[in-house]
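As a plain string of letters, each chain reads:
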Number of protein chains: 2
Amino acid sequence: MKVTSVKGTNDYLPKETALRDYLQGKILETYRSCGFERITTPILEDMENLDKSEGGENLNLLFKILKRGDKLTEALNSGNPKELSDIGLRYDLTLPLSRYYACNRNNLSTPFKVIQLDRVFRAERPQKGRLREFIQCDIDILGSSSTNCEVELIDTTAKALLAIGIENFKVRINDRRILKNLILSAGFHAEDSDSVCITFDKMDKIGAEGVRNELLGKDFAADVVEKFISMISITPFTLDDAKKYCTDTEAIDSVASIIATVKQLSGGRYDIEYDRSLVRGQGYYTGTIFEVESLDFGSSIAGGGRYDNMIGKFIGESVPAVGFSIGFERIASILMDRQTAISASRPKLAVIYPDGEVVAAIKKADEYRGEYDVTLYEKPKKIGKLFGKLEESGFYGCLILDESAEIKVLQK
Amino acid sequence: MKVTSVKGTNDYLPKETALRDYLQGKILETYRSCGFERITTPILEDMENLDKSEGGENLNLLFKILKRGDKLTEALNSGNPKELSDIGLRYDLTLPLSRYYACNRNNLSTPFKVIQLDRVFRAERPQKGRLREFIQCDIDILGSSSTNCEVELIDTTAKALLAIGIENFKVRINDRRILKNLILSAGFHAEDSDSVCITFDKMDKIGAEGVRNELLGKDFAADVVEKFISMISITPFTLDDAKKYCTDTEAIDSVASIIATVKQLSGGRYDIEYDRSLVRGQGYYTGTIFEVESLDFGSSIAGGGRYDNMIGKFIGESVPAVGFSIGFERIASILMDRQTAISASRPKLAVIYPDGEVVAAIKKADEYRGEYDVTLYEKPKKIGKLFGKLEESGFYGCLILDESAEIKVLQK
């Protein structure tokens, strides 16, 4: 039998779990203090829902559950591999939330300000070093199209990051409507917009020259590509520049207003700026999109956007929706590497008892459990070795039954 | 697209999630105060590990993950349905823990007192009304064969149940070694022991007469069945009765000592008694087995036992182990039905603000977030209706921006 965990998954040691629990607790507490309510949705999701969810690249990374019994035999006989599964594991928390809202909206407040903090699954290629089973922390506001929602989400996410000690970060913001408008204004066809976006998304890494080469490689007309490149090569490319090419003034005003409002709230603790090349992968975004970039680690640690059409797919009636998701694993690994001195748990005490004295030991331990997490240890032959181990494991002290009523302090 | 959750899974409303979070928090806090440490293991588990885990009936209820890409094509070509999957979803937390311990034991304390509180998956037949995705709360002690472990597990589980308001319960205890010994002493063959156990497990429901008929239906020799029935028909069947037929005095003494010790600790808050017909389904148990029965609800709400051979399957060296698992879903539904008045969250406050005043509203809300969970609402045309909704949703009060600096109290 295999002792290591399945490829792309992690076992977490007690110390790691304590830190992860502490961080999740802090994030939850912050979200709740800002008036969001937590819900829980299942990990198992209908396969057809997943397939139709416009999840972009994630749809290629679905874990599918094999049918069972007669249904499996039938599926095998059909010769169609698609028939082998009718349930899958969710790849994000946005699709389950949309289904949940469609199903339960009569029992939910409006607008619905909601927290999800839970596991999602993606069959990422392991060589990327990415996890296949990981935690996301999402907040969403459903039922309002006001840009105040975006403001609240950015403000609350920033508060959660600050609460767990992530400081030096920047919010980048864009709008799918502006993005599409710029692409069309260069002369691309509407149906090529996604393909252009995928390339444009790499601007940060490959530069304008790289974007040009990739677009030409995709056989787009050279004059269209040149027009696009000259447009986006303006540096810095501000919202005023966008205005020159983008006819959707509502989208421009929306981004401008969110930036101005968040700046008033951030009080200089973090910056927010328009980023012309922010795309984000999922196909379901319809308006504002945003990301948080850690300046210390040069990577994205949170992302989200507006998805006004997803719930409509379930109920045939459009419900505005916008969400922001903290990538928990990235943050947990940053804080674990930092060896952040977080006292995730209460002080630990050991009660050491001789054979036959377990009742007295438990009763003694109970006296201290209001203040300490108390572990029982049977008295070993070499008690010095046990002291050493307890000290190493961070125990505050120990109490030896029948020897003394006093705590022997192990930590200085 | 389907709006309901997948068969056998639940969506939880904010109020339900708040209660579930509260209960899980209380259980965790109790476990930690008793010196257990939490770990996290993946939901995805190696298929071969699952298959070889001696999980009894649960192995027929495995959710298997379909292979992908070339591996899937290869598996389909092989014509062997077993080849279609090499990863599954765990059906309990004991197998993953055993694998985890085998993999990480050099970084863990001895004995290792461990908490797992997490999701497991079983493809139960939906007509049973059972969940397919549900939470278990486990504590285990690995690396010690002392019966003090059983005592600590029972004491800690009872403390957790009492902490969440479950009172009227009883612990039933047995030992696989006694069970097997009684069956052999009646004249059954060793290889029929499991089959006899499966029938004997139903004693509570079908009585001695029912057990007799089922055993005869399984074609066991009539004289052996009669001997067994006359033996188990002794009522009450005490440990002293067991002693007459069971040659394993160590097992008898072990159960007697656990019962005597737990009685000293329970202080009459709950009872513990030997139950000759307690079997428990899993094949991996090797010694003590126990259950907690709620006397208010007539159902089992926790169960566990000793599984000294499971870790050895991974490392080829036997490691004693014993665990106790609270069936969270049963308890959560009992407490939800009771409408237990649990204040799972902090008091809620609404800040109502006119259009354009989101910055002032957030700043005002922040002043109260130390004490309240504060939700922002844009001022609607009909404010009376909003007051009604807030009151209904349990808000303590609201604060209307620019009208008054005082909280308008909504709850009496």
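Reference entry: report on the structure contained in this document. Not measured: the values here are computed from a predicted model. (Residues numbered from 1 in each chain as written. Chains lettered and ligands numbered in written order. Predicted model: local features only at pLDDT ≥ 70, side-chain atom pairs only at ≥ 80, totals over all residues. Heavy atoms only, no water.)

1. Some details on the environment of T247 of chain A
Line of reasoning, step 1. Inspection of the secondary structure assignment puts T247 of chain A in the loop between α10 (239-245) and α11 (249-266).
Line of reasoning, step 2. The class of T247 of chain A is exposed, set by a relative accessible area of 67%. (Helix = DSSP H or I, 4+ residues; strand = E, 2+ residues; numbered from the N terminus. Buried < 20%, exposed > 50% of the residue type's maximum accessible area, 1.4 Å probe, protein only.)

2. Considerations on the packing of aromatic side chains
Residue and element names in this part refer to chain A.
Line of reasoning, step 1. All chains considered together, the criterion is met by 24 aromatic pairs over all chains.
Line of reasoning, step 2. Summarising the aromatic geometry, the rings of F169 and Y270 are spaced 5.2 Å apart at their centres and angled 25 degrees between planes, so their arrangement reads as stacked. Pair noted here: F169 is in strand β7 (residues 169-175) and Y270 is in the loop between α11 and β8 (271-274), with a separation of 101 residues, a long-range link. With respect to burial, F169 and Y270 carry one shared label: buried. (Phe/Tyr/Trp six-rings, centres within 6.5 Å; stacked < 30°, edge-to-face > 60°.)

3. Section: the sheet that holds strand β9 (residues 288-294) of chain B
Residue and element names in this part refer to chain B.
Line of reasoning, step 1. One open sheet holds the eight strands; their spatial order is β1-β5-β6-β11-β10-β9-β7-β8, and the pairing between them is mixed. With partners counted over all chains shown, the strands left at the sheet margins are β1 (37-38) and β8 (271-274), one partner each.
Line of reasoning, step 2. Bridge count between strand β5 (residues 112-121) and strand β6 (residues 133-142): ten bridges; the pairing is antiparallel. Residue pairing in the sheet places Q116 in a bridge with D138 of β6.
Line of reasoning, step 3. Its contacts with the sheet place helix α5 (residues 148-163) against β5, β6, β7 (169-175), β8, β9, β10 (299-306) and β11 (321-327), and it is angled at close to 15 degrees to β11.
Line of reasoning, step 4. Of the strands in this sheet, β7, β8 and β9 are in contact with helix α6 (residues 176-185), which crosses β7 at around 60 degrees. (Pairing = 2+ DSSP bridges. Contact = heavy atoms within 4.5 Å. Axes fitted to C-alpha atoms, helices over the stretch in contact; angles between N-to-C directions.)

4. Details of α6 of chain B
For an α-helix, 3.6 residues make a turn, and residues three or four places apart therefore share a direction.
Residues and elements named next belong to chain B.
Line of reasoning, step 1. Among the residues of α6, those classed as buried are R176, I178, L179, N181, L182 and I183.
Line of reasoning, step 2. Capping of α6 at its N-terminal end is provided by D175; its side-chain oxygen lies 2.8 Å from the backbone amide nitrogen of R177.
Line of reasoning, step 3. Among the residues trailing α6, G187 stands out with phi positive, at a value near 110 degrees. (Polar contact = N/O pair within 3.5 Å; in protein donor to acceptor, adjacent residues only side chain to side chain.)

5. With respect to the interface of chain B and chain A
Line of reasoning, step 1. Contact residues are listed per partner, giving 92 residues for chain B and 92 residues for chain A.
Line of reasoning, step 2. Summing the contributions of chain B and of chain A, the shared interface buries around 8,000 Å²; its carbon and sulfur component is 58%.
Line of reasoning, step 3. Inspection of the chain B/chain A interface yields 14 salt bridges.
Line of reasoning, step 4. The salt bridge partner of D21 of chain B is R38 of chain A, with a shortest N-O separation of 3.1 Å.
Line of reasoning, step 5. At the boundary of chain B with chain A, the tally comes to 50 residue pairs in polar contact (both at pLDDT 80 or more).
Line of reasoning, step 6. Considering only residue class, the side of chain B that touches chain A consists of 42 nonpolar, 20 polar and 30 charged. (Buried area = accessible area lost by both parts, 1.4 Å probe. Salt bridge = Lys/Arg side-chain N within 4 Å of Asp/Glu carboxyl O. Nonpolar A, V, L, I, M, F, W, Y, C, P; charged D, E, K, R; others polar.)

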